[in-house]
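Remarks on the overall topology
What follows is the residue order along each chain.
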Amino acid sequence: MSDEIVWQIINQQFCAFKLKTTKGNNFCRNEYNVSGFCNRQSCPLANSRYATVRTSPKGTIYLYIKTIERAHMPSKWWEKIKLSQNYAEALQQIEDRLQYFPKFLLHKCKQRLTRLVQVATRMRKLAAEEDRLGEKLVPKMAPKVKHREEARERKALIAAKLERTIERELLERLRQGMYGDQPLNVSESVWKKVLHGLEKEGEGTRDKDLDEGIEDEDEEEEEEEELEEEIEDGNVEYVSDFEETDDELNDIEDWLGSDDEDDAEDDDEDDDDDDDEGDSEEDTKKKTKAGDKRKRGKVTKMKARKKKEIEVEHETDREKLLAF
Amino acid sequence: MPSGNKGKNRSGGSLSLKTSNKIVRKQLYVKQKKEQGKERHEERHRRRKEEAKDPKLREERLATNQPLTIERKRVWDDVDDDSLGVAVDVAELKRRRLEKEEAEAARAADGVAEEDDEKDDDADSMLDSDEEGEDDDEDAEERMERLRQERAQRKPSIAPSTTSTNLDMTPDSLTRQFPNLFNEEPPVDPKVLVTTHLNGTIHKEAEDIAAIFPNSTYIRRSAHAYGHKYSVREIAKFAKNRGYTILMIVGEDLKKPSSLTVIHLNGEDVPPGPSLTYTIRNYLPGKALLGHGNPTNHYPELLLNGFKTPLGILAAKSMHTMFPPKPELQGRQVVTLHNQRDYIFFRRHRYVFREARATEKNVVTAEGKEMEGMQGIRAGLQEIGPRFTLKLRRVDKGIGRAGSEGEDALKWEWKAKMEKVRTRFNL
């Protein structure tokens, strides 16, 4: 009978847990409510015999039962029963416990259990997937930090003087002879100029014995030595050919490189493959290469053989082949 | 009335501030500016004349009036440690240690000072001659220093370039921590696999990034949104089985590449090695660059500039292994990874050594002097392909954060508080 009174008050006057929506639904915010609606059947306050299924924060599912016998002891209203992890067993447990309870409560409890179990399973699956993927979301950088880095980057770029530095580095390498005796990436006239300049400065004769073992220039010296020995040339003999090719040089633009490059390229078959690209540069290169072949048929073949032999030797000798 | 001292005798101020009549003050100000300008102009004119007669004066003036850049003000950690994360100049540290050893050796063996000197000669050539800071604690040391310097002067050695990194200078602690990275003998030809983050959409940019590295492939991360999502660890395993040496993951943000994770897959028997995570900023594809060139598939040369600390050397070595060890010089392509104040600028150029035009000056070294032996020679550069800036954020022991185990799983992490001091840099 007191249930009726309670319900009258809750329904007609005030219930702290009631939530009315514009669509005409009444929801109940009470944690122990089985269906979530504010109904005579579902109200945990207005029913002295009630049952719910809830989870603990850790994820274990409990069955809460409220009986009339404890109606006068609010602190002991809810009997908490841990349900089995096994879904079928848990269902059976609910059936056993709520055997003599209204069918509505039993049904709703089972439904809740089902849903909670499904949710728990899904969460576990998602967590496992996250773990497998191993991807953690990195928080976005604070705008203050982002702006600071942007500004610093801009200034660092200016301080870096990239093109000047790159140019300087490349010329340093050329000067130190890292590209070998007959470099593939320089035109003949420029290389002559470099050698001339080095002689003038008194650094024309490079001491190979200078720095042995662990030093700064070790990598460079090694490379230098290696490349020098690789590209031993018979070019020195064919003086007349040089002059002819020099004339050709004048016709080629800066970007196309030199005949020397082409000569060295003749040696490697790989380079032929590389040069088979449809660039206009490459085409003119090919033409000059063809021209050169006619002039220096034998020389190139000799060079090729020598180079291959030496390459093999050095691959076993050299400990470090560092790129620069 | 318009007098200079109207009761407000402000001593030390300029003439224009002494009048309270606004019109007169204006005129005085204009006059003052003119005079100042004239003074400065005359001063410079006179100086130019003097320096034309005696160029040494100019050199002296420039030497004393060097602009105080952040690079010059750079702050190093004052420890004798060379672990990752310590901002120590590795070259300097090595030099200091050697000097300490030498000093001890000298103190230990008094009579054999000369023998020590000979040993020092070998050590001397490996010392970077650019920076100063010698400890002259004792007279004996000073004497030795002088002897050493004399001997150094006698040998005509070509001074090494001060920007490019010397990978031989790696500290021992680094080689111990990352043996696969540093003890590669002989160096392996790299095989790079590039992919994106989950559900990545920047396929074009990722392909471009893959094209930077010779012998690389780009594979899409997901076939479609509902396909099986392979995790990075799984991909690393597959890649390793197929002989790839490096796995790269390009992250994106708003359809732009925003991060790059480089995972070193080592050979058999060795678990995947360090993974370095960078953030990408200012990504520009080749098309956006004016006068850009198209890349060929020649192996490029590599330029690694400005990596000074142990962490920097690790990054440099990592990038070194991403490219084939023997460049194809006939391709005349160079890839530059230039570290300036912790920002690594990536550039790709095609270069040519040519004679300087009439209007061009000679190339100048890092110190400011003209490069000897290279008069009238310049290198022309044409930029190819993408350009971007990298900033190192993390170094993990294994495959990213999830794939690393152990106490030292995270080797180094960037934290915003590292940037508090403007002059302290990590790389």
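Residues numbered from 1 in each chain as written. Chains lettered and ligands numbered in written order. Predicted model: local features only at pLDDT ≥ 70, side-chain atom pairs only at ≥ 80, totals over all residues. Heavy atoms only, no water.

**Some thoughts on the side chain of Arg350 of chain B**
Residue and element names in this part refer to chain B. So the rule is basically this: A run of H or I in DSSP becomes a helix once it reaches four residues, and a run of E becomes a strand once it reaches two; helices and strands are each numbered from the N terminus. Relative accessibility under 20% of the residue-type maximum defines a buried residue, over 50% an exposed one, and the middle range a partly exposed one, all with a 1.4 Å probe and only protein chains included. Pairing of N or O atoms within 3.5 Å defines a polar contact, subject to two protein rules: one partner must be a possible hydrogen donor and the other a possible acceptor, and residues neighboring in sequence count only if both atoms are side-chain atoms.
Take Arg350: it is sitting in strand β8 (residues 343-355). Judged by relative accessible area, Arg350 falls into the buried class, the value being 8%. There is a polar contact of 2.6 Å between the side chain of Arg350 and the backbone oxygen of Asn294.

**Focus on the UniProt feature "domain: Ribosomal eL28/Mak16" (unreviewed entry) in chain A**
Using the following cut-off: UniProt positions are given in the numbering used here, feature names are shortened, and annotations may be inferred rather than shown by experiment.
With numbering aligned to this structure, UniProt lists the feature "domain: Ribosomal eL28/Mak16" (unreviewed entry) at residues 5-118 of chain A. Within residues 5-118 of chain A, the helical portion is 32% and the strand portion 20%, while the C-alpha atoms at the span's ends are 38 Å from each other.

**Notes on the packing of helix α1 (residues 22-53) of chain B against helix α2 (residues 55-64) of chain B**
What describes two packed helices is the angle between their axes and the distance between those same axes. Residue and element names in this part refer to chain B. Inclusion rule: Between N-to-C directions, angles cover 0 to 180 degrees, with each direction set by a line fitted to C-alpha atoms, over the stretch in contact for helices. Roughly parallel means an angle under 35 degrees; roughly antiparallel, over 145; roughly perpendicular, 65 to 115; everything else is oblique. Throughout, a residue-residue contact means that at least one pair of heavy atoms, one from each residue, lies within 4.5 Å. Nonpolar residues are Ala, Val, Leu, Ile, Met, Phe, Trp, Tyr, Cys and Pro. Charged residues are Asp, Glu, Lys and Arg, and all others, Gly as well, are polar.
Here α1 crosses α2 at 120°, and the two axes come no closer than 5 Å. In terms of orientation, α1 and α2 fall into the oblique class. On α2, the residues that touch Arg47, Glu50, Glu51 and Lys53 of α1 are Pro55, Leu57, Arg58 and Arg61. Partitioning the contact of α1 with α2 into residue classes produces 2 nonpolar, no polar and 6 charged.

**Things to note about the pairing of strand β10 (residues 387-396) of chain B**
All names here are of chain B. Just so we agree on the cut-off: Should DSSP find at least two bridges between two strands, the strands are taken to pair.
The buried fraction of β10 amounts to 9 of the 10 residues, a majority that puts the element mostly inside the structure. The pairing of β10 with strand β11 (residues 410-413) spans 3 bridges and is classified as antiparallel. Bridge assignment links Asp396 to a residue of β11, and that residue is Leu410.

**Quick word on helix α9 (residues 232-241) of chain B**
All names here are of chain B. Put simply, the rule is: The reported arc concerns the directions from the helix axis to the C-beta atoms and nothing else.
Where α9 is concerned, the buried positions are Val232, Ile235, Ala236 and Ala239. For α9, the arc enclosing every buried residue in end-on projection is 100°, short of the 170-degree limit, so these residues lie on one face. Away from its buried face, by an angle of more than 90 degrees, α9 presents the exposed residues Lys237 and Asn241.

**Observations concerning the side chain of Lys411 of chain B**
All names here are of chain B. Relative to the helices and strands, Lys411 resides in strand β11. A distance of 3.0 Å separates polar atoms of two side chains, one belonging to Lys411 and the other to Asp408. Those residues in contact with Lys411 that lie beyond four places of it in its chain are Leu84, Gln177, Phe178, Val395, Asp396 and Lys397.

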